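# Structural description and commentary
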Amino acid sequence: MSLSDQFRAFLHRFFPKKRKKRKTEASSSVLIFLEESRAISIAIFAITVVAIVVTSFIGIKPSGFQFLPGQLATIRIVAAEDFNYQSSMLTDQKREQLLTEVPPVYRTEMRYFNQFSKHVNELLAEMEKFGALERDLSASGAQEYINRITEDFNAKDNYRLSASDLTTILEFSDVDTRRELIETGLISLRESYKIGIYDKNDSNFDFSEKSVALFKTDNGVSQRSLESTDDALTNLRITLNAQNVPPRVSSAFHRLFRDGVRPNFERDESEIQAQRQKMLESLQPVIVRVGRGASIIEPNTKVTPEQYEQHLAYIRHLDGKTTDTIDIQLFGRALMVMAMLLAATFYIRLEDRATLQSNGRLGLLAIVVVSNLAIVRLCFELGNIDKFLYDSSLSAILPYITPTALAPILIAILMGSGPGLLTALIVSLFSAVMFGNRLELMVMSFLASCVAIFICRNIRKRGRVVTAGIVGGLCIALFTLLYNWADGLPSKTIFNQVSAALITGLVQGVVIVGILPILEGLFKRTTDITLLELSDYNHPILRRMQFEAPGTWHHSLMVANLAENACNAIKGNALLARVSCMFHDVGKLVKPEYFTENQLDGRNPHDEKTTSFSALIIKSHVKEGVDLGLTFKLPRPIIDVIRQHHGTNLIRYFYHKAVQQAEADDPGKVAVLESTYRYDGPKPQFKESAVILLADSLEAASRSLSKVTPQNIEELVDRIFKVNLDDGQLDECSITMADLAKIKESFIFTLLNSLHSRIAYPGTKEQDTASGKKTTNERKSERVEASASQ
């Protein structure tokens with residue numbers, strides 16, 4: 001012995017190495033009680049009912065019911081006590097009424113009269129010049145002079161004086177009479193202008209005959225009658241006719257002065273504003289008194305602006321006070337929740353009995369649902385914050401920031417689409433109840449959850465969870481856009497709601513990706529995503545198998561192909577079967593050389609061991625596999641497959657060898673205990689585990705086939721199935737004879753395609769025979785029973 005070996009032996013004598021304790025998964029009686037007790041199931045049911053009642057009904061304040069003006073109300077809100085409030089809306093209406101009651105104030109404008117008077121006097125001066133020159137002018141020259149005077153006068157302001165009227169005025173009146181008539185006409189016009197002239201055809205001045213109006217004067221505002229343009233012209237005609245001149249002359253003067261009659265008064269806006277200001281100074285705010293029991297909002301009616309203001313006032317009145325909740329019939333609400341959960345229980349009983357039989361699954365379902373409703377309640381309570389309470393644009397987005405698809409997606413991934421749809425219905429229903437029995441919110445959130453669950457079916461990538469959340473948010477956004485647009489809500493409010501729905505959908509997906517691994521670990525759930533991650537060949541255990549037990553690794557892959565195809569045929573979880581097969585023989589890593597598929601050099605360690613010891617080593621690979629699975633935190637279904645993939649089968653090779661040895665030693669008595677050569681079990685408990693047991697036995701036995709033909713394979717499959725059925729290995733799982741027929745057909749098809757023969761190269765057999773080496777088929781034939789039993 002070398003010096004180093006002697007030193008190690010010395011250390012081992014005084015410091016013996018502690019034997020590593022194998023990890024076990026033995027459940028304590030307490031854990032079994034918690035998992036299977038009906039009392040615990042009833043307690044979970046009762047706690048869930050109480051939690052939903054507390055979350056959805058207790059402490060609900062009217063401030064949480066966010067109804068916008070023009071929106072259809074779904075509940076009745078009644079004042080729980082008397083309150084008063086100052087109505088800004090009614091005050092504004094009263095202000096508008098007062099403003100409309102302020103009469104308009106006008107002012108007269110003499111500018112146009114002064115301008116017309118100046119032009120007429122200038123015309124009078126021209127007529128006097130014409131009188132002085134008339135004798136020196138010929139008839140044509142005189143007419144040209146009159147025409148020029150007429151044109152010059154008309155050009156000053158678009159007057160309509162004709163040359164014939166001017167000729168009449170010049171021929172039939174002397175200078176003094178003409179001047180007197182012009183002064184008389186101007187005086188009449190001045191009086192009309194001072195009174196005020198309006199145009200009947202002007203829609204801005206809707207006055208009747210002999211109307212009066214307020215006018216701004218130097219002494220303040222006074223009231224006086226008005227004249228229309230027709231009245232002013234009539235007064236002018238009467239005045240001119242009274243001057244004792246021929247009618248033709250008075251008519252000519254009337255036509256001269258008619259262009260001077262124009263509306264000359266306008267609104268005095270500054271004075272009107274002054275009058276309105278005096279009126280507003282006397283305005284008192286409108287105080288509304290609401291008695292206890294008075295209805296604030298009625299169901300199935302559109303909320304008016306006045307009702308919306310009264311509701312906000314009621315919220316302000318209750319702010320900070322402890323009042324009765326709107327849900328006064330608490331017992332009835334609790335019965336409703338209990339009935340809903342009873343219906344859910346019957347649904348689970350029909351569609352997913354495994355959940356009803358497992359308190360862990362029920363607990364997961366209850367916790368996720370109640371947690372989601374608690375988040376919804378938290379979003380609802382944001383409505384009591386002042387920033388949301390008094391800002392309708394912010395409060396309108398509250399129903400759209402609630403992650404109602406959170407629990408449905410989680411349950412769909414962890415437990416299946418059926419429980420996911422049930423969860424979607426429960427969460428959507430009670431979320432809608434919290435926000436005021438709004439049916440559109442229930443339909444909208446349930447639709448989004450169903451679409452998200454559809455996307456998450458058979459999910460293989462975590463990124464698809466985010467996609468499901470985004471698509472769910474998009475569904476809510478589209479529903480909101482169409483529904484609220486038809487409801488007549490403002491575009492800004494709809495835009496905010498749509499944006500909130502899209503952002504919430506994205507956040508939901510990201511949160512679920514983070515929460516999913518935690519829930520998988522806490523509740524021992526295994527998703528397809530986890531299984532795909534475990535199927536990576538670079539997993540530490542699989543890498544060890546590839547290098548330390550390559551034969552076992554190849555065997556595992558072959559079994560995986562058989563089991564995966566068979567599970568697809570019977571609608572089982574093919575991914576679980578494949579990944580479980582990759583890990584089912586990891587226990588052989590402890591002593592790989594004791595298993596024939598790894599004995600590449602032809603040396604068999606069992607030749608030096610007793611049959612019972614060899615059987616113990618063969619059996620131990622199951623316990624060692626469970627130990628490694630627990631060490632590397634493999635999911636429970638995979639560990640179950642490791643434990644169950646041999647059931648309680650007999651290790652036939654060593655058992656028969658032991659019997660033969662016992663008969664040789666004592667022919668009269670065979671003292672071999674069969675239990676020593678049986679696996680410890682348990683038998684397969686679910687379909688995938690049963691398929692793997694059959695596939696494992698079949699793959700090992702198929703190696704012994706010297707010739708691969710459909711008949712040989714069918715006989716082998718029938719034999720393997722018969723042995724396991726007769727031995728009762730499939731008695732504890734829910735597999736049917738129809739399933740077994742499909743599994744047989746799948747196994748035969750897979751084996752025929754994987755064990756196809758190849759063309760033998762010339763000289764290969766002769767060289768093997770000459771060298772004295774056994775062919776591969778010969779070695780396989782010797783180990784058929786050993787391989788099948790391992």
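Residues numbered from 1 in each chain as written. Predicted model: local features only at pLDDT ≥ 70, side-chain atom pairs only at ≥ 80, totals over all residues. Heavy atoms only, no water.

If you tally the helices and strands in the chain, you get 35 helices and 10 strands. Buried positions account for 45% of the 790 residues belonging to the chain. Contacts spanning at least 24 positions in sequence make up 79% of the contacts within the chain whose residues lie at least 6 apart. (Helix = DSSP H or I, 4+ residues; strand = E, 2+ residues; numbered from the N terminus. Buried < 20%, exposed > 50% of the residue type's maximum accessible area, 1.4 Å probe, protein only. Contact = heavy atoms within 4.5 Å.)

Glancing now at the packing of helix α27 (residues 611–631) against helix α28 (residues 636–644). In the contact formed by α27 and α28, the axes pass within 8 Å of each other and the chain directions differ by 170 degrees. In this view, α27 runs roughly antiparallel relative to α28, as classed from their interaxial angle. Across the interface between the two elements, Val622, Gly625, Val626, Gly629 and Leu630 from α27 touch Ile639, Ile642 and Arg643 from α28. (Axes fitted to C-alpha atoms, helices over the stretch in contact; angles between N-to-C directions. Parallel < 35°, antiparallel > 145°, perpendicular 65-115°, else oblique.)

The subject of this paragraph is empty space enclosed by the protein. Within the structure shown, the criterion is met by 5 cavities of 30 Å³ or more. Of the volumes computed, that of the largest cavity is approximately 80 Å³. Along the walls of the largest cavity sit Pro399, Tyr400, Thr402, Thr404, Ser431, Ala432, Phe435, Leu441, Met444, Ser445 and Ile476, which together make up its complete lining. Listing elements by their share of the lining of the largest cavity, those giving two or more residues are α19 (417–434) and α20 (439–456). Counted by class, the lining of the largest cavity contains 7 nonpolar, 4 polar and no charged residues. Computed from the structure, the second largest cavity encloses a volume of approximately 70 Å³. (1 Å grid on protein atoms, 1.4 Å probe; cavity = no way out; pocket = protein on both sides within 12 Å on 5 of 7 lines; lining within 4 Å. Points joined across faces, edges and corners; volume = space filled by probe spheres on them. Nonpolar A, V, L, I, M, F, W, Y, C, P; charged D, E, K, R; others polar.)

Attention now goes to the nonpolar core. If you look at the biggest cluster of nonpolar residues, it comprises 61 residues, and the most contacted ones within it are Val337, Ile409, Ile426 and Phe430. For this core, the secondary-structure elements that each account for two or more residues are α3 (38–56), α13 (330–351), α15 (359–381), α18 (406–415), α19, α20, α21 (463–486) and α22 (491–522). (Core = buried A, V, L, I, M, F, W, Y, C linked by side-chain atoms within 4.5 Å.)

This model, assessed by the stated rule, comprises 12 aromatic pairs. Ring geometry for Phe83 versus Tyr85: centroids 6.1 Å apart, planes at 25 degrees, classification stacked. Their ring planes at 90 degrees and their centres at 5.1 Å tell us that Tyr537 and Trp553 sit as a pair that is edge-to-face. In this pair, Tyr537 is assigned in the loop between α23 (528–534) and α24 (540–548) and Trp553 in helix α25 (residues 550–569), connecting sequence segments 16 residues apart. The class for Tyr537 is partly exposed, based on a relative accessible area of 37%. (Phe/Tyr/Trp six-rings, centres within 6.5 Å; stacked < 30°, edge-to-face > 60°.)

Next up on the list: the state of the cysteines. One pass over the full model with this rule turns up 0 disulfides. Looking at Cys581, it has no disulfide partner, and the nearest cysteine sulfur is the one in Cys567, 7.8 Å off. In this structure Cys581 comes out as buried when scored by relative accessible area, which is 0%. (Disulfide = S-S within 2.5 Å.)

With that settled, consider a nonpolar patch on the surface. Side chains of Phe331, Leu335, Met338, Leu342 and Phe346 sit close together on the surface and give an oily, nonpolar patch of about 540 Å² of accessible area. Mapping Phe331 onto the fold places it in helix α13. (Patch = residues over 30% accessible without salt bridge, like charges linked within 9 Å, V, L, I, M, F, W, Y side chains within 5 Å. Areas by Shrake-Rupley, 256 points an atom, 1.4 Å probe, with all protein chains shown as cover. Salt bridge = Lys/Arg side-chain N within 4 Å of Asp/Glu carboxyl O.)

Next up on the list: the pattern of salt bridges. Summed over all chains, the structure comprises 24 salt bridges. A salt bridge links Glu533 to Arg462; its shortest N-O distance comes to 3.1 Å. Residue Glu533 is located in helix α23, and its partner Arg462 is located in the loop between α20 and α21; the two are separated by 71 residues in the primary sequence. Glu533 gets classed as partly exposed once you look at its relative accessible area, which sits at 45%. Classification of Arg462 by relative accessible area gives partly exposed; the value is 22%. Two residues, Lys744 and Asp718, come together in a salt bridge whose shortest N-O distance is 3.5 Å. Of this pair, Lys744 sits in helix α32 (residues 737–754) while Asp718 is found in helix α31 (residues 710–726), placing the two residues 26 residues apart along the sequence. By relative accessible area, Lys744 is classed as partly exposed at 28%. By relative accessible area, Asp718 is classed as partly exposed at 39%.

Here we come to α31. End to end, α31 covers 24 Å across 17 residues, agreeing with the expected 24 Å (1.5 Å per residue, within 8%). Every buried residue of α31 is listed here: Ile713, Leu716, Val717, Ile720, Phe721 and Asn724. Angularly, the buried residues of α31 cover 125 degrees about the axis, an arc narrow enough to put them on a single face. Away from the buried face of α31 by more than 90 degrees, exposed residues Gln711, Lys722 and Asp726 are located. The inward-facing, buried residues of α31 abut α30 (687–702) and α32. Backbone geometry just after α31 places Gly728 at a positive phi near 75 degrees. (Expected span 1.5 Å × (residues − 1). Arc of directions from axis to C-beta.)

The end-to-end C-alpha distance of α32 is 25 Å, a good match for the 26 Å that 18 residues give at a rise of 1.5 Å each. Taken together, the buried positions of α32 are occupied by Asp739, Leu740, Ile743, Ser746, Phe747, Ile748, Thr750 and Leu751. Considering only its buried residues, α32 is in contact with α25, α30 and α31.

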